[in-house]
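These are the residues of each chain, in order.
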Amino acid sequence: MTPPRAQARALFRAETSFEAVVVGAGRSGRSAAALLAGRGARVRLVDDRARDGLEPGPDGRPVALFRQEVIDAAELVVLSPGVPRVRRELSRAALEDRLVGEVELASWCIDIPLLGITGTNGKSTTTALAGEMLRASGKRPFVGGNFGTPLSELARQPGDADVGVVELSSYQLESIVDASFQVGVWLNIQPDHLDRYSDLEAYARAKARLHERVPSAGTVIANAADPVVARWTEKLSSTAKKRWFGRDLGAGQAGTRIEEQHLRYEGRTIEVSAPGLLGPHNLENAAAALEAATSLGATLDGVQTVLSSFAGLPHRLQLVHEAGGVRWYDDSKATNVASAITAVLAMPASTLLIAGGKDKGGAWGPLVEACRGRVTRVLSIGEAAPIVGKAFAGVVPVQECKTLERAIAWARAEARQGQCVLLAPACASFDQFRSYVDRGERFARLAREEWVER
């Protein structure tokens, strides 16, 4: 008997009507709903927030509440990335093989090569770099996924690109089944989302889905310096070509070596001098992007052009203000301890760190050690302010500010010439902000306001 998912896929590709439900009325969910409706499906968009006055779905019907009976009536259930597969209402759909993610759905009508990029940190920067490298080499890349434009938008306009560069979160990778990626890049793995995963291995297992979906004719690219990533990559049963990046490549590990402020690839030196690639972590991102882009036809001249000029992405170690000899850096995207460590290590000594928000359950000890001797004071904000204070006690002085406004007022009054003020919260933003973008934009705006030259 043909599984319901396979039946729905056949109907979808044939543009024949069937009943579909998309769970989650955010950007990815709405894009998936529009894709389904455009191919003839009868689509219902559901969300826990349906009573909050959300815009109607693509068929004009109001967004429905996420209820069991709505899920049970669908021949196909499509998940937005932020919706956990383990929700009780979805258990029957998963058991009956009616449940897929938005990325899986989009892949059903995409025929161009796809490059998937995952990891705890650096995904968006690496995705943007790889896309720019391909563009500088004469390609027409789609760049999106978890970063920017949902993959369903490429599925709706498949003729607009000749290669897809797709950032993939663990949430998205949980729900792929048949999607195939010609190239898969795994940047790193650090404790994160432990409110959703039981432990680091469970989180890594979700990330490893990307490499499992690279065919034997494709290429998997991995961080040689990350022991968990290397272990999962080495034990792959796939015969896909393996490429590596890092400062120390082992015997038989072909790939890109990081040396000081440049990269060594196939005997050629590639300089990394772009203003948006501050810090040693961005050398890893650059090396991974180089490997990924050249696997799909980018030229080394195109790569070098990008690594000399890339301006960086908003809210990722972005210099947003400088006055009175004080620099203000927005790294609001540092939503976990590992990414906050990366930001701190990219700063000079004598940094004021703004940290806190909605805690994600990771250990704070490694960040405390990274700040020792480098951060002069921590300004704590949000729900996690007491956790931050306890973690740093006796190591770095902590000023409990509770709000970002108070933290910036304190930093403006106390920061001295030569110091940096760094927003690297190591927490999610949803206690006080709509998103990390909202948090970063608020930080930048407040940093620039009412500055008095010293």
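Residues numbered from 1 in each chain as written. Predicted model: local features only at pLDDT ≥ 70, side-chain atom pairs only at ≥ 80, totals over all residues. Heavy atoms only, no water.

## Here's the deal with the overall build of the protein
Of the regular secondary structure elements, the protein holds 17 helices and 20 strands. For 454 residues, the compact-globule estimate of 2.2 N^0.38 gives 22 Å, and the C-alpha radius of gyration of the protein, at 23 Å, lies within 12% of that figure. Principal-axis analysis of the C-alpha atoms gives the protein an extent of 70 × 55 × 35 Å. The burial tally for the protein puts 55% of its 454 residues in the buried class. (Helix = DSSP H or I, 4+ residues; strand = E, 2+ residues; numbered from the N terminus. Rg over C-alpha atoms; globule rule 2.2 N^0.38 Å. Buried < 20%, exposed > 50% of the residue type's maximum accessible area, 1.4 Å probe, protein only.)

## Structural notes on the sheet that holds strand β16 (residues 326-330)
If you walk across this open sheet you meet the six strands as β15-β16-β20-β17-β18-β19, and the pairing is mixed. Both edges of this open sheet fall to β15 (318-323) and β19 (398-402), since each of them pairs with a single strand only. On average, adjacent strands in this sheet sit at an angle of 20° to one another, irrespective of strand direction. Pairing of β16 with strand β20 (residues 420-423), which is carried by four bridges, proceeds in the parallel orientation. Within the sheet, the bridge partner assigned to W328 lies in β20 and is V421. Its contacts with the sheet place helix α15 (residues 385-392) against β17 (351-356), β18 (375-381) and β19, and it is angled at close to 155° to β18. (Pairing = 2+ DSSP bridges. Axes fitted to C-alpha atoms, helices over the stretch in contact; angles between N-to-C directions. Contact = heavy atoms within 4.5 Å.)

## Considerations on the packing of aromatic side chains
All chains considered together, the criterion is met by two aromatic pairs. Ring centres of F12 and W108 lie 5.7 Å apart, and the angle between their planes is 70°; on these two criteria the pair is classed as edge-to-face. Here W108 lies in the loop between α5 (102-107) and β6 (114-118) and F12 lies in helix α1 (residues 4-13), a separation of 96 residues in the sequence. Residue F12 shares its accessibility class with W108, and that shared class is buried. On the numbers, 6.1 Å between centres and 45° between planes, the contact of W328 with F443 is tilted. (Phe/Tyr/Trp six-rings, centres within 6.5 Å; stacked < 30°, edge-to-face > 60°.)

## Topic: the side chain of S429
As for its position among the elements, S429 is in the loop between β20 and α17 (436-448). Given the relative accessible area of 3%, S429 is considered buried. Of note is the side chain of S429, whose polar atom sits 3.1 Å from the backbone nitrogen of Y436. (Polar contact = N/O pair within 3.5 Å; in protein donor to acceptor, adjacent residues only side chain to side chain.)

## As for the pairing of strand β12 (residues 255-259)
Here strand β11 (residues 241-246) pairs with β12 via three bridges, running parallel. Paired with W244 across the two strands is G255, which belongs to β12. In this sheet, strand β13 (residues 262-265) lies alongside β12 in antiparallel orientation, the contact comprising four bridges. From the neighbouring strand, R257 faces β13, where its bridge partner is R264. Counted along the chain from β12 to the antiparallel partner β13, the turn is two residues long, and its residue E260 has a positive phi close to 50°.

## What about the side chain of N223?
By the secondary structure assignment, N223 is in strand β10 (residues 219-223). N223 gets classed as buried once you look at its relative accessible area, which sits at 3%. In this structure the side chain of N223 is engaged in a polar contact, spanning 2.9 Å, whose partner is the backbone nitrogen of A225. Filtering out sequence-adjacent residues up to four positions away, N223 remains in contact with W186, L187, N188, V229, A230, W244, F245 and E284.

## Looking at the environment of S332
Its place among the elements puts S332 in the loop between β16 and α13 (337-346). Owing to a relative accessible area of 0%, S332 belongs among the buried residues under this scheme. Not counting residues within four places of it along the chain, the set of residues in contact with S332 comprises H315, L423, P425, Y436, R439 and G440. At a separation of 3.5 Å, a polar atom in the side chain of S332 contacts the main-chain amide nitrogen of G440.

## Thoughts on the packing of helix α9 (residues 200-212) against helix α10 (residues 227-234)
At a minimum axis distance of 10 Å, the contact between α9 and α10 shows a crossing angle of 50°. Our classification of the angle between α9 and α10 gives oblique. Like other packed secondary-structure pairs, α9 and α10 cross with a definite hand, here right-handed. Across from L200, E201, A204, R205, A208 and H211 in α9, the residues of α10 making contact are V228, R231, W232 and T233. For the contact of α9 with α10, the class distribution of residues is five nonpolar, two polar and three charged. (Parallel < 35°, antiparallel > 145°, perpendicular 65-115°, else oblique. Left-handed = near helix turned anticlockwise from the far one by under 90°. Nonpolar A, V, L, I, M, F, W, Y, C, P; charged D, E, K, R; others polar.)

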